[in-house]
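Structural overview
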Amino acid sequence: MDAEDEWESSSGEVADTDQFNDEDFYPTSACLSKLQFRSDVSKAKWNVEMGMAEVFEKKGKMWITTGIVRNGKTFCLIEETLFLAEIGALLVMDDNDECLALKDIYKKTAGERNGCSWELFEVYKHLKSLGYIVGRHGVPWSLKGVENNSEPCSSQGTIQNNRVVGAEENSITCVVQMLSNLQVDELRLNFDVYLPNSKFRKSSPGDPAFLLCLVRGNPPSNAKSEALERQCGGIPLKLCRVDHGRVSFFSFKRVELPILP
C-alpha cells in the first residue's frame, strides 16, 4: 500500500449513523424501555467457563443467522447474547435457572471479557439493526460441511461421523480458548459481514460481503493495513471506529499520483 493511500470514510455507503441517537448505543433507562415483549422468546443458559450462552429453547427465524452450531447445539457469543436480550428475544438463565437481568449481561462485556468490548458490541448492534448478517471472524458458523463430505460406504461413514463429533468437540474447545486468550485491543479482523439474505445457510454461508476491523485512535500504518488485507483473501476490508456511540466505517482507496516532469 503506497504512502499516497487515502483514509476514506464510507459511513454513508454502509450506514447512516446520524439516524441514531446516543441512547440507542448505551444501556440507559430509555434504552431499556424500548424492549419489545414477544411471544417467540428463546431461552439460553450462560456458561461462565465457555463465555457463551447455550440455547436450549429456540423460537423464531432469527436462529438462521444467529449463533454457532456445534454437535447439534446452538451457542451464542456474548455480542449475540446481549443483542438478543436487548430486543427481548432471548431470556438468559444462570446456573441456578434464574433469569439474568440485562444489567448483569452488560457486565459481561466489562473489562473486555469473552473476546468482546463494549465498542465491538456497538458495532455488532449497529450492523444487525440495519439487517446485516454478522459473525465473529475466525469462528465458523457450523462444521456441518465436514459431515457432507463423508463417504457413502457405511463403515467409512461411521468413521467420518466419529471424526465429525470429535471435530465439533475440538471446535468448542478452540472457541473457548480463543475467547479466553483474545486481546481485544490488538488490531485484527473482528467480524465477517454478509448482506441480508433470506437463503443464508450456516453450513454454506459463502464469502462475506466484507471483513471488519475495529480501530482505536489513529488509522493504522500502511504496513499494518497491508498485513490485514493479506488476511482477507481478496474479500473487501472495512475499518470501523466508535466515537461516543457513533459508529463510522472506513476503507482505503489506492491513488496513483502522476509523475511530475
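Cut-offs and rules
Residues numbered from 1 in each chain as written. Predicted model: local features only at pLDDT ≥ 70, side-chain atom pairs only at ≥ 80, totals over all residues. Heavy atoms only, no water. Phe/Tyr/Trp six-rings, centres within 6.5 Å; stacked < 30°, edge-to-face > 60°. Helix = DSSP H or I, 4+ residues; strand = E, 2+ residues; numbered from the N terminus. Buried < 20%, exposed > 50% of the residue type's maximum accessible area, 1.4 Å probe, protein only. Pairing = 2+ DSSP bridges. Axes fitted to C-alpha atoms, helices over the stretch in contact; angles between N-to-C directions. Contact = heavy atoms within 4.5 Å. Polar contact = N/O pair within 3.5 Å; in protein donor to acceptor, adjacent residues only side chain to side chain. pLDDT = per-residue confidence, 0-100. 1 Å grid on protein atoms, 1.4 Å probe; cavity = no way out; pocket = protein on both sides within 12 Å on 5 of 7 lines; lining within 4 Å. Points joined across faces, edges and corners; volume = space filled by probe spheres on them. Nonpolar A, V, L, I, M, F, W, Y, C, P; charged D, E, K, R; others polar. Right-handed = clockwise from strand over helix to strand, strands pointing away. Salt bridge = Lys/Arg side-chain N within 4 Å of Asp/Glu carboxyl O.

Describing the packing of aromatic side chains
Per the counting criterion, the structure on display carries eight aromatic pairs. Here phenylalanine 83 and tyrosine 124 contribute two aromatic rings whose centre-to-centre distance is 6.0 Å and whose plane-to-plane angle is 85 degrees, an arrangement assigned as edge-to-face. In this pair, phenylalanine 83 is assigned in helix 3 (residues 78–86) and tyrosine 124 in helix 5 (residues 118–129), connecting sequence segments 41 residues apart. Classification of phenylalanine 83 by relative accessible area gives buried; the value is 9%. Note on tryptophan 141 and tyrosine 194: the rings are 6.3 Å apart at their centroids and 65 degrees apart in plane angle, and the pair reads as edge-to-face. With tryptophan 141 in the loop between strand 7 (133–136) and helix 6 (144–148) and tyrosine 194 in strand 8 (residues 191–194), the pair connects residues that are 53 residues apart, well separated along the chain. Assessed through its relative accessible area of 7%, tryptophan 141 is described here as buried. The class for tyrosine 194 is buried, based on a relative accessible area of 7%. Ring pairing ties together the aromatic residues Phe83, Tyr124 and Phe191, which thus form one cluster.

Let's talk about the sheet that holds strand 2 (residues 42–47)
One open sheet holds the five strands; their spatial order is 4-5-3-2-6, and the pairing between them is mixed. At either margin of the open sheet sits one strand with a lone partner, and together these are strand 4 (68–70) and strand 6 (90–93). Averaged over all neighbouring strand pairs, the angle between strand axes comes to 40 degrees, with direction disregarded. With five bridges joining them, strand 2 and strand 3 (residues 52–57) adopt antiparallel strand pairing. Counted as the bridge partner of tryptophan 46 is alanine 53 from strand 3. Across the face of the sheet, helix 3 comes into contact with strand 2, strand 3, strand 5 (73–76) and strand 6 while running at roughly 85 degrees to strand 5.

Some words on the side chain of glutamate 79
Mapped onto the secondary structure, glutamate 79 falls in helix 3. Polar contacts involving the side chain of glutamate 79 include one to the side chain of arginine 136, which spans 2.7 Å. Other than its neighbours up to four places away in sequence, glutamate 79 contacts Cys116, Phe121, Tyr124, Arg136 and Phe191.

Notes on the confidence of the model for the protein
Detailed reading of the predicted coordinates is not advisable wherever pLDDT is low. Across the protein, the average pLDDT comes to 78, with 73% of residues at or above 70. pLDDT under 50 marks residues 1–35. Its contacts with residues more than four places away, or in other chains, come to 90 contacts. Of the regions scoring below 50 in pLDDT, residues 146–162 engages in seven contacts with residues more than four places distant in sequence or in other chains.

Topic: empty space enclosed by the protein
A full pass over the atoms with the stated rule returns one cavity of 30 Å³ or more. If you list the elements that add at least two residues to the lining of the largest cavity, you get helix 3 and strand 7. Per-element tally for the lining of the largest cavity: the top contributor is strand 7, with three residues. A per-class count over the lining of the largest cavity returns seven nonpolar, one polar and three charged.

Description of the pairing of strand 10 (residues 237–243)
Summarising burial for strand 10: five of the seven residues are buried, a large majority. The sheet contact formed by strand 9 (residues 210–214) and strand 10 spans four bridges and is parallel. Of the residues in strand 10, the one forming a bridge with leucine 211 is leucine 237. Handedness of the β-α-β unit built from strand 9, helix 8 (residues 222–231) and strand 10 comes out right-handed.

Details of the pattern of salt bridges
Any two side chains of opposite charge can pair, on the condition that their charged atoms come close. Counted under the stated rule, the structure contains seven salt bridges. With a closest N to O distance of 2.8 Å, lysine 45 and aspartate 97 form a salt bridge. Of this pair, lysine 45 sits in strand 2 while aspartate 97 sits in the loop between strand 6 and helix 4 (102–106); the two residues are 52 residues apart in sequence, bridging distant segments of the chain. Given a relative accessible area of 29%, lysine 45 falls into the partly exposed group.

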